[in-house]
Amino acid sequence: MILYTMMPPELIFPYEADSPSTQQMVSYQGIPLLVESIDGQNVQVIRILSTDPQHYMDNQICPGAKISFTNLEGLSSL
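Residues numbered from 1 in each chain as written. Predicted model: local features only at pLDDT ≥ 70, side-chain atom pairs only at ≥ 80, totals over all residues. Heavy atoms only, no water.

Q: What is the right way to look at the overall build of the protein chain in this model?
A: Counting its regular elements, the protein chain contains one helix and five strands. Along the protein chain, helices (α) and strands (β) appear in the sequence α-β-β-β-β-β when read from the amino end. For the protein chain, buried positions account for 21% of its 78 residues. Partitioning the contacts of the protein chain with sequence separation of at least 6, the portion at a separation of at least 24 is 41%. For the protein chain, the exposed surface amounts to about 6000 Å²; the carbon and sulfur share of it is 55%. (Helix = DSSP H or I, 4+ residues; strand = E, 2+ residues; numbered from the N terminus. Buried < 20%, exposed > 50% of the residue type's maximum accessible area, 1.4 Å probe, protein only. Contact = heavy atoms within 4.5 Å. Areas by Shrake-Rupley, 256 points an atom, 1.4 Å probe, with all protein chains shown as cover.)

Q: Teacher, can you tell me more about unusual backbone geometry here?
A: Excluding glycine, most residues fall at negative phi; most peptide bonds, likewise, are trans. The backbone phi angle of Gln-29 is positive, close to 55 degrees, even though this residue is not glycine. Within the secondary structure layout, Gln-29 lies in the loop between strand 1 (23-28) and strand 2 (31-37).

This is the structure we're talking about:
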């Protein structure tokens, strides 16, 4: 991809290494998910990491869904 612009690359592609990542890989009912902590008790689904098409049809784990920490099995930071 080529961008023909006069804007500096820092404005187009901002560098975000200063902000700590709050995203984690977890397993919810055997389905690998990428989640982000929203408060002390819940996480929000960012991405489904499964290759099974049936997992993408589940409304409980669709991106944006909130899941309680008590239902999660394996937490690992990215």
